[in-house]
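# Inside the fold
Read off the chains here:
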Amino acid sequence: MQVTARLTRNFHILWFGSLMTDLGNAMTLPFIVLYIKTLGQFTTNQVTILGTSAFAITYVCKAIAAPFWGRLADQKGRKLMCLRAAGMMTMTTLGVGLAPNVTVLLILRAVQGAFSGYINNANALISLSAPAENRGQLLSKLVTGSISGTLLGPLLGGVLASTVGYRGAFVVTSSAMALVFGLTLWGVQETVTPISRAALPPLRPVLQKQGYRFFIALLASLLVIQATTTAITPILSLLVQELLPSQMTRLILITGVVAAAPGLATILLAGRIGRLIDQFGADRCLIVFFTISGLDLLLTSLVTQVWQLAGLRFILGVADAALLPAIQVLTVQKVPRTVFGRVFSFNQSAQACGNVLGPGLAAVIATRWGYQPIFLVLSLLAMGVLTMWWRFFHRQGWSER
């Protein structure tokens, strides 16, 4: 009973921490370009490049630094990693709000990326502590915290920017992350047996024992999931405008509805999908929902009406609600605890690369061939990952669930 109570408290605090982390990001990123314009005299092209850099540099630094933090997580535990991420986000976000120039802003965004990882480590902590029979359900519900933050962030960010100004919005976000730090420090409990650096088992033998095919499929999956989720985001309004040229007055509202569709699907159906993972196994769910994702993206490349786009984005959100928790469950099942942090850190790096690759790939394709071919390319990527998993499970044997 005590373990259950501790797990419940951990879950609620980490869910709130995930909510506030992505809420903080979503509150400030939409107007960061406008904020940059107040820090100097820049041309339109310079502002565009600086805004893109402020977004991308965080994920690039996260991808580079994550393996180091993964090794430390194996030695010291995941709670410490959550505290590190929340504490640094508190300080760097405040620093961005007080930045005297764009150079300081970019440096702080890089530092924030290098020290980030609250949500990933919250997932890792719950993954390792949850009972196997309801691990999928808990992980699916935990995802709703970050998704809710992503959905609510732009709305609250707009309110804050218009009431307390751009700098004030960063200060409020910093205060929220300080609250997350305090709650995590006070309320999250984790049983950790410290391991010295010398005693830490090497990673390569574990990879060889499990087979490199598994880890390649794991990293490719996370990169592709993140890329398919974020690829269209920066240019979604342009696609909606192309589908509805006569609705310019309602463009922002309609774009918002389409953008929110995947997250709304995840929030509404996460619990049910999590139970499917627990009932039928992570392997089968990966095959089924990667198939759904690939077909959904293929159909999206053929849409002619905005309601079709919104509906298919909703279905993609259903697939994402299953795929990320299923991958985490599979990681727990296949990876020994002694190296879990390091493997999970590579997962973080893959997701961070997906956040950069997706929008970049979309921009290149849109420039050459238009918006809808983006989804065709993403569908091919999803089908490629599906093929990798099918071959792996076929060779390893399916679960007995």
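Heads up: the structure comes first, above all this text.
Our subject in this report is the structure included herewith. Owing to the predicted nature of the structure, the values given are computational and were not obtained by experimental measurement.

Another point: the pattern of salt bridges. Throughout the structure, instances matching the rule amount to two salt bridges. For Arg78, the salt bridge identified is with Asp74, shortest N-O distance 3.0 Å. On the basis of relative accessibility, which here comes to 6%, the residue Asp74 falls in the buried class. The salt bridge involving Asp74 is made with Arg342; its shortest N-O contact spans 2.9 Å. Taken together, the residues Asp74 in helix 3 (residues 44–76) and Arg342 in helix 15 (residues 337–369) connect sequence positions 268 residues apart. Pair check on accessibility: Asp74 and Arg342 agree, each one buried. Here the salt bridges do not stand alone but share partners, grouping Asp74, Arg78 and Arg342 into one network.

What follows concerns the side chain of Gln226. Turning to its location among the elements, Gln226 is positioned in helix 10 (residues 212–230). Each residue touching Gln226, except ones within four places of it in the same chain, is listed here: Gln351, Gly354 and Asn355.

Helix 14 (residues 306–334) packs onto helix 7 (residues 135–163) with a crossing angle of 130° between their chain directions and a minimal axis gap of 9 Å. Accordingly, the angle class assigned to the pair helix 7 and helix 14 is oblique. Here helix 7 and helix 14 pass one another in a crossing that is right-handed. Only Ala321, Pro325, Gln328, Val329 and Val332 of helix 14 make contact with helix 7, whose side of the interface consists of Arg135, Gly136, Leu139, Ser140 and Val143. By residue class, the composition of the contact of helix 7 with helix 14 is six nonpolar, three polar and one charged.

This model, assessed by the stated rule, comprises twelve aromatic pairs. Ring centres 5.9 Å apart and planes at 80° place the aromatic pair Trp389 and Phe392 in the edge-to-face group. Pair noted here: Trp389 and Phe392 are both in helix 16 (residues 373–396), with a separation of three residues, about one helical turn. Side by side, Trp389 and Phe392 carry an identical accessibility label, which is buried. The rings of Phe214, Phe215, Trp389, Phe392 and Phe393 are connected pair by pair, giving a single aromatic cluster. We note Arg84 situated over the ring of Trp69; from NZ or CZ to the ring centre the distance is 4.1 Å.

Within the element layout of this structure, Leu23 appears in helix 1 (residues 2–28). Leu23 gets classed as buried once you look at its relative accessible area, which sits at 7%. Sequence spacing of Leu23 and Gly153 is 130 residues, and the spatial spacing of their C-alpha atoms is 4.6 Å. If we ignore the near neighbours within four places in the chain, the residues touching Leu23 are Gly149, Leu152, Gly153 and Leu156.

Here we take up the side chain of Gln351. Secondary-structure assignment places Gln351 in helix 15. Of the residues examined, Gln351 reaches a relative accessible area of 16% and is grouped as buried. With residues near it in sequence (within four places) discarded, Gln351 still touches Asn120, Leu222, Gln226 and Leu324.

In this section: the environment of Ser349. Position of Ser349 relative to the elements: it lies in helix 15. Through-space distance from the C-alpha of Ser349 to that of Phe11 is 24 Å; in sequence the pair is 338 residues apart. Among residues more than four places away in sequence, those in contact with Ser349 are Lys62, Ala63, Ala66 and Pro67. Among the polar contacts listed, one links the side chain of Ser349 to the backbone oxygen of Ala63, at a separation of 2.7 Å.

What counts and what doesn't
Residues numbered from 1 in each chain as written. Predicted model: local features only at pLDDT ≥ 70, side-chain atom pairs only at ≥ 80, totals over all residues. Heavy atoms only, no water. Salt bridge = Lys/Arg side-chain N within 4 Å of Asp/Glu carboxyl O. Buried < 20%, exposed > 50% of the residue type's maximum accessible area, 1.4 Å probe, protein only. Helix = DSSP H or I, 4+ residues; strand = E, 2+ residues; numbered from the N terminus. Contact = heavy atoms within 4.5 Å. Axes fitted to C-alpha atoms, helices over the stretch in contact; angles between N-to-C directions. Parallel < 35°, antiparallel > 145°, perpendicular 65-115°, else oblique. Left-handed = near helix turned anticlockwise from the far one by under 90°. Nonpolar A, V, L, I, M, F, W, Y, C, P; charged D, E, K, R; others polar. Phe/Tyr/Trp six-rings, centres within 6.5 Å; stacked < 30°, edge-to-face > 60°. Lys NZ or Arg CZ within 6 Å of the ring centre and 35° of its normal. Polar contact = N/O pair within 3.5 Å; in protein donor to acceptor, adjacent residues only side chain to side chain.

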